[in-house]
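Each chain, letter by letter, is given below.
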Amino acid sequence: MKRREFLVHLISELSSFLLQEQPRKMVISLHQEEDGIHLAVIDDRARSDGEIKAIEQALNTARRPELAGYYGQMAGHDLLGSARLNLVGWQIKHADVLRNPGGGVMLNLWIGGESFEYAKFSIDPEDEVKK
Amino acid sequence: MALRDRILAYFLAATILLFLLFSILANGLAAAIEGFWRLQSSPARLLSDFTALQGTSAALLNAAVVGILGWLFVRVNGIKLSGPTIAAIFTMIGFALFGKTPLNCIPIMAGVSLSALIVKKRPREYLLIGMFGTALGPLVSFVAFEMGLAPALALPVSLAVGLAVGIVLPPLAIAMLHLHQGYNLYNVGLTAGFIGLFAASLPNAGGKSIASFSSWGTAATPWLFLLIPVLSLIAIGMSFICCGKKSWNEFLSIVKLPGRLPSDFCELSGLGGALLNVGILGLAYSAYVAIVGAPFNGPVIGGLMTLMGFGFFGKHPKNVFPIFLGLLAAALFFCKPLNESWVILAFIFGTALAPIAGEFGPAIGILAGFLHLVLVERSGTWHGGMNLYNNGFAGGLTATLIVSVIEWYKTSTER
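Visitor: Just to check I follow, could you spell out the side chain of His 383 of chain B for this structure?
Guide: Counting through the fold element by element, His 383 of chain B comes out in the loop between helix 19 (362–382) and helix 20 (390–413). Ignoring anything within four residues of it in the chain, the contact list for His 383 of chain B reads Leu 46, Gly 193, Gly 196, Leu 197, Ala 200, Asn 390 and Phe 393 of chain B.

Structure representation (structure tokens):
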């Protein structure tokens, strides 16, 4: 799948997930480099610790190439029913979920090859939150 | 190897060993091997009950060998055993009692792997399509042994057809997935039915009609009767040995899930609960088969194996029951005997629509079951029996109809 299509599907599934809780605001930020991508999606809906943990677990699910190559194609495409973050989780390098000071959450997704080190990426999610 | 991987491996090994044991106990090893070789060149289209064609021993040995082939395919691709891979291996084992043989599976699995390489992916990414795609095994057997080709040509041509089918399976399987959005658990059934429409039309275009074939075993064999209940009890026993009372709580969390593709119950709820779910489904449907007086033959046991396999990957009593009620309502409404071959198979395989009941509620589930029975009686002839997952084909069409209407209604009325 081309990078553009891939990103459209990821953004669509993540947006679908956040929008099903009807936030008042949602921001999508994308930063592309040669060897990696940082995608951040922010909303303003307050969530419990349990909800945040569940989101983080779904996005950091173990690599499942046998599912990602087949069922992962449904991400951001087949949206009837509940949004499924595990479809996204199989296809990304790493994700973390931060609570925004004003309520809501920030989903940070790093996408890249094996050599891509998300920790060294130029956008620091904590800086983003501080801003 | 993690504990979960080890337990799944033990369960799969126990399943294959049970098939091998019952194969030897039924008619002896010599009869099993002799019949197994004959099965490789026998017709495999729907409905070819291998237990009737070459005996119980041969059919069970064939199933065990196909199961080992599936397991090897998973291992060679470096993938761990999990809900979906066990579902795929169980489906392969089940259908090896009425259509799949190592000979007709290998070209398709190779073709799917080739398809991945063509688009610069790793074959493991299409692993499940390759395993479920063996539904089109009868097409390979048909070209090799039923088209009347010269022996020197028959095998190479059938191999080429198998590879070609395997190459086109992944793009079609992914396209079909979007039609029903994961609400038909047998997505490759819909895909294989679609390909089967073309495959069955080609010989017709060349002036060669495809004669229908039907072999339905009715002999009562204790080994076949016992197979699924024993396997179900093994699953239940293993669930409590591995996870204790936690299994019950995990099972209760499984029945709350919609079951839409891809729902790996081992990952979402836990292995103990998934094994318990598998055992309960196996026992419940075995009881139903016995109550309606249907034979425990190759296709019925194949259906029960598939049902149990998907007990790891989408089906549970709560989402299966409304489908069952819908099928029952349709069978009674149209006066279809409950133990007739295609009706009992529809009851078992129609559970492919379980996620519809799981997501949209029991009423829609009942409607899905009702529509499925109406359609599946006819759909087998459309592809000339080339697609073993005829219920997956009909289920896919039913799910597409229902999902399309619901999506249209929701997107048009929701604010």
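Next comes the rest of the account.
Visitor: Looking at this structure, how should I read the interface of chain A and chain B?
Guide: Accessible area lost when the parts come together is the quantity often used to give the size of an interface. Each partner contributes to the interface: chain A provides 20 residues, whereas chain B provides 33 residues. Roughly 2200 Å² is buried in total at the junction of chain A and chain B, and carbon and sulfur atoms are behind 59% of that figure. Taken as a group, Glu 66, Tyr 70 and Leu 80 of chain A account for 35% of the area that chain A buries against chain B, more than any other trio of residues on that side. At the boundary of chain A with chain B, the tally comes to twelve residue pairs in polar contact (both at pLDDT 80 or more). Among the secondary structure elements, those contributing two or more residues to the side of chain A that touches chain B are helix 3 (65–68) and helix 4 (85–89) of chain A. Counting residues per element, the side of chain A that touches chain B draws most heavily on helix 3 of chain A, which supplies three residues. Of the residues contributing to the side of chain A that touches chain B, the split by class is nine nonpolar, seven polar and four charged.

Visitor: Would you mind going over the pairing of strand 2 (residues 36–43) of chain A with me for this structure?
Guide: Successive side chains on a regular strand alternate, one facing one side of the sheet and the next facing the other. Residues and elements named next belong to chain A. Burial within strand 2 is extensive, with seven of its eight residues counted as buried. Examined bridge by bridge, strand 1 (residues 26–32) and strand 2 share seven bridges and lie antiparallel to one another. The residue bridging Met 26 from the neighbouring strand is Asp 43, located in strand 2. Summarising the sheet, strand 2 and strand 4 (residues 105–112) pair through seven bridges and their orientation is antiparallel. Along strand 4, the bridge assignment pairs Leu 39 with Leu 109.

Visitor: Which parts of the structure should I look at to understand the packing of aromatic side chains?
Guide: The geometry of an aromatic ring pair is captured by two quantities: the separation of the ring centres and the angle between the planes. All names here are of chain B. Applying the stated criterion across every chain yields a total of 27 aromatic pairs over all chains. Between Phe 95 and Phe 349, the aromatic rings sit 5.3 Å apart at their centres with planes inclined by 35 degrees, giving tilted as the arrangement. Here Phe 95, found in helix 5 (residues 83–95), pairs with Phe 349, found in helix 17 (residues 341–349); they are 254 residues apart in sequence, far enough to count as distant. Of the residues examined, Phe 349 reaches a relative accessible area of 4% and is grouped as buried. Aromatic side chains Phe 333 and Phe 334 sit 4.9 Å apart centroid to centroid with 90 degrees between the ring planes, which places their arrangement in the edge-to-face category. For Phe 333, a relative accessible area of 60% puts it in the exposed group. Classification of Phe 334 by relative accessible area gives partly exposed; the value is 38%.

Visitor: Mind showing me how you'd approach the sheet that holds strand 4 of chain A here?
Guide: In sheet architecture, strand pairing relies on hydrogen bonds along the backbone and comes in two forms, parallel and antiparallel. Residue and element names in this part refer to chain A. Read across the sheet, four strands follow the order 1-2-4-3 without closing on themselves; strand pairing throughout is antiparallel. A single partner strand is all that each edge strand has here, and the edge strands are strand 1 and strand 3 (94–99). This sheet shows a mean twist of 15 degrees between the axes of neighbouring strands, independent of strand direction. Along the sheet, helix 1 (residues 3–19) contacts strand 1, strand 2 and strand 4; its crossing angle with strand 2, the most-contacted strand, is approximately 20 degrees.

Visitor: Even after reading the chapter, I still don't get helix 14 (residues 271–292) of chain B, so can you show me in this structure?
Guide: A turn of α-helix holds 3.6 residues, and therefore any two residues three or four places apart point the same way. Residues and elements named next belong to chain B. In a regular helix each residue adds 1.5 Å, so 22 residues correspond to 32 Å; helix 14 covers 32 Å between its end C-alpha atoms and thus fits that length. For helix 14, a buried count of 16 out of 22 residues is recorded, marking the element as mostly surrounded by other parts of the structure. Downstream of helix 14 by one or two residues, Gly 293 has phi in the positive range, about 75 degrees.

Visitor: What am I meant to see in a nonpolar patch on the surface here?
Guide: Residues Ile 24, Leu 29, Ile 33 and Trp 37 of chain B make up a contiguous nonpolar surface patch of about 420 Å² in total accessible area. By the element assignment, Ile 33 of chain B lies in helix 2 (residues 29–39).

Visitor: What is the right way to read the packing of helix 14 of chain B against helix 15 (residues 298–309) of chain B from this model?
Guide: Between two packed helices, what matters for the description is the angle formed by their axes and the separation of those axes. All names here are of chain B. The geometry of helix 14 relative to helix 15 is characterised by a closest axis approach of 9 Å and an angle of 155 degrees between their N-to-C directions. Relative to helix 15, the element helix 14 lies roughly antiparallel. The way helix 14 lies across helix 15 gives a crossing that is right-handed. Taking contact as the criterion, the partners of Val 278, Leu 281, Gly 282, Tyr 285, Ser 286 and Val 289 in helix 14 are, on helix 15, Val 300, Leu 304, Leu 307 and Met 308. A breakdown of the residues in the contact of helix 14 with helix 15 according to their chemical character gives eight nonpolar, two polar and no charged.

Calculation notes
- Residues numbered from 1 in each chain as written.
- Chains lettered and ligands numbered in written order.
- Predicted model: local features only at pLDDT ≥ 70, side-chain atom pairs only at ≥ 80, totals over all residues.
- Heavy atoms only, no water.
- Helix = DSSP H or I, 4+ residues; strand = E, 2+ residues; numbered from the N terminus.
- Contact = heavy atoms within 4.5 Å.
- Buried area = accessible area lost by both parts, 1.4 Å probe.
- Polar contact = N/O pair within 3.5 Å; in protein donor to acceptor, adjacent residues only side chain to side chain.
- Nonpolar A, V, L, I, M, F, W, Y, C, P; charged D, E, K, R; others polar.
- Buried < 20%, exposed > 50% of the residue type's maximum accessible area, 1.4 Å probe, protein only.
- Pairing = 2+ DSSP bridges.
- Phe/Tyr/Trp six-rings, centres within 6.5 Å; stacked < 30°, edge-to-face > 60°.
- Axes fitted to C-alpha atoms, helices over the stretch in contact; angles between N-to-C directions.
- Expected span 1.5 Å × (residues − 1).
- Patch = residues over 30% accessible without salt bridge, like charges linked within 9 Å, V, L, I, M, F, W, Y side chains within 5 Å.
- Areas by Shrake-Rupley, 256 points an atom, 1.4 Å probe, with all protein chains shown as cover.
- Salt bridge = Lys/Arg side-chain N within 4 Å of Asp/Glu carboxyl O.
- Parallel < 35°, antiparallel > 145°, perpendicular 65-115°, else oblique.
- Left-handed = near helix turned anticlockwise from the far one by under 90°.

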